[in-house]
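Analysis of the macromolecular model
Residues per chain are reported as follows:
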Amino acid sequence: MSADEERDGVRLTNLDQPLFEGADATKRDLVDYLDAVAGYLVPQLEGRPLSVKRVLRGQKPFMQKNTPKYTPSWVRTVAVWAETSQREVSYALCDDRRTLLWFANQRAVEYHPPLVRAETWDRPTDLVIDIDPPGSEAFGDAVAAAHLVRRAMDDSGLRGAVKTSGAKGVHVFVPLDGAARVEDVAAATRALAVRAERLDPDLVTTAFIREDRGGKVFLDSTRAGGATVIAAYSPRIRPGAPVSFPVAWDDLDRVAPSDFTIRTAPALLAGRDVWTDLLPEPQPVPADLVEQGHTIPIARVQAMHEGKRRARARRDA
């Protein structure tokens, strides 16, 4: 079998090279996997300014936002002003199989779309709680935390779906009807996390500063608006090449992140888009969540001020 081939007009090269250390997979395995799930992955990426994580031979993995100069003319792009770097970034829009295959040939392993579409940057499509356990051995705690979030959602009149992150945690997604602005969705996310924390403060925390978490599961409520979240079915640059995979709530206690890899996931899908099947219909953001959330400090801002305060205290000491 040749190490080079062509699919959908995309020349694929060096397919027999190892993908990355510990992947137990080749570049061909990545291409074959992404091609197999393209019909399910592309709809999540379509129309969203895409960040990808690439891994080149002999280099550390890196996140790519700006499209390189050699990007083909048929790859759609959108220009977005980046406030932090004070420059315009040309993001790719992965709107079709051909673009996904091109990314695969660039050794783009991870796919991180934002929670907004390019044409409606101020209207998030989803509310997300990113559940981050203190270590890779604590996935069971992440699952328990996810059930707390589900209880808080039930109490708030929301319905959501859950998937493994492909790393050590899980993501809870609540599809939205697109009526709420970014700042209100961000507020509702903070309020939902706080409500879940109150159900079992010995297990979970909303403390943004790592040293304040006390070994608890972190409910990250900062994924709002332009923030990115790994897409369902996206591989991860981790040992064994796991993927972020949808799981029914009733099955969450019976799975492990390592169950879902680029080798096992296609057979588990059995020709259907499990993520779409599990996601509830888009819904409005409850007004009481928004109202409560606007009384809760923004985690990153609060952490920044607290970090400066602690630094001053250390200097004074």
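Definitions and cut-offs
- Residues numbered from 1 in each chain as written.
- Predicted model: local features only at pLDDT ≥ 70, side-chain atom pairs only at ≥ 80, totals over all residues.
- Heavy atoms only, no water.
- Domains from an automatic or database assignment.
- Contact = heavy atoms within 4.5 Å.
- Buried area = accessible area lost by both parts, 1.4 Å probe.
- Salt bridge = Lys/Arg side-chain N within 4 Å of Asp/Glu carboxyl O.
- Polar contact = N/O pair within 3.5 Å; in protein donor to acceptor, adjacent residues only side chain to side chain.
- Helix = DSSP H or I, 4+ residues; strand = E, 2+ residues; numbered from the N terminus.
- Nonpolar A, V, L, I, M, F, W, Y, C, P; charged D, E, K, R; others polar.
- Buried < 20%, exposed > 50% of the residue type's maximum accessible area, 1.4 Å probe, protein only.
- Pairing = 2+ DSSP bridges.
- Core = buried A, V, L, I, M, F, W, Y, C linked by side-chain atoms within 4.5 Å.
- Phe/Tyr/Trp six-rings, centres within 6.5 Å; stacked < 30°, edge-to-face > 60°.
- Lys NZ or Arg CZ within 6 Å of the ring centre and 35° of its normal.

1. Remarks on the domain arrangement of the chain
Domain assignment breaks the chain into domain 1 (5-121 + 228-278) and domain 2 (126-226 + 282-306). Each of domain 1 and domain 2 has a C-alpha centre, and the two are 24 Å apart. Across the boundary between the two partners, domain 1 contributes 28 residues, which contact 24 residues of domain 2. For the pair domain 1 and domain 2, the two sides together bury roughly 2300 Å², of which 64% comes from carbon and sulfur. Of all residues in domain 1, L115, W249 and W275 give up the largest surface area on contact with domain 2, accounting jointly for 35% of the area buried on that side. Our count for the contact surface shared by domain 1 and domain 2 stands at zero salt bridges. The tally of links from domain 1 across to domain 2 stands at nine residue pairs in polar contact (both at pLDDT 80 or more). Broken down by secondary-structure element, the contributors of at least two residues to the side of domain 1 that touches domain 2 are strand 13 (246-247) and helix 6 (274-278). Looking at the side of domain 1 that touches domain 2 residue by residue, the class counts come to 21 nonpolar, two polar and five charged.

2. Observations regarding the pairing of strand 7 (residues 108-112)
Among the five residues that make up strand 7, five are buried, leaving the element largely enclosed by the rest of the structure. Inspection of the sheet shows strand 3 (residues 51-54) paired to strand 7 by four bridges, in the antiparallel sense. In the sheet register, V52 faces strand 7, and the bridge partner there is Y111.

3. Regarding the nonpolar core
L100, F103, Y111, I131, L219 and Y233 are the most contacted members of the largest nonpolar core, which has 87 residues in total. Looking at this core, you find at least three residues from each of domain 1 (5-121 + 228-278) and domain 2 (126-226 + 282-306). Excluding its chain neighbours within four sequence positions, the residues that come into contact with L219 are I129, D130, I131, A145, V149, A193, A196, E197, V204, T205 and T206.

4. Here's the deal with the sheet that holds strand 10 (residues 170-175)
Hydrogen bonds between backbone groups are what pair the strands of a sheet, and the pairing can be parallel or antiparallel. Across the sheet, which stays open at both edges, the six strands sit in the order 11-12-8-10-9-13 with mixed pairing between neighbours. Strand pairing shows two members of the sheet lacking a second neighbour, strand 11 (204-205) and strand 13, which therefore form its edges. Pairing of strand 9 (residues 161-164) with strand 13, which is carried by two bridges, proceeds in the antiparallel orientation. Across the sheet, V162 pairs through a bridge with V247, a residue of strand 13.

5. A word on the packing of aromatic side chains
Counting across every chain of the model gives seven aromatic pairs. Considering the side-chain rings of F245 and F260, the 4.5 Å spacing of their centres and the 5 degrees angle between planes classify their relative orientation as stacked. Separated by 15 residues along the polypeptide, F245 in the loop between strand 12 (217-220) and strand 13 and F260 in the loop between strand 13 and helix 5 (265-269) bring together distant segments of the chain. When sorted by exposure, F245 lands in the same class as F260, which is buried. Through pairs of rings, three or more aromatic residues link up here, namely Y40, Y233, F245 and F260. One Lys or Arg, R98, reaches over the ring of W74 and ends 3.9 Å from the middle of that ring. Lying over the aromatic face of F218, R213 brings its terminal NZ or CZ to 3.7 Å of the ring centre.

6. A look at the side chain of T67
Take T67: it is sitting in the loop between strand 4 (62-64) and strand 5 (77-82). A relative accessible area of 17% means that T67 is categorised as buried.

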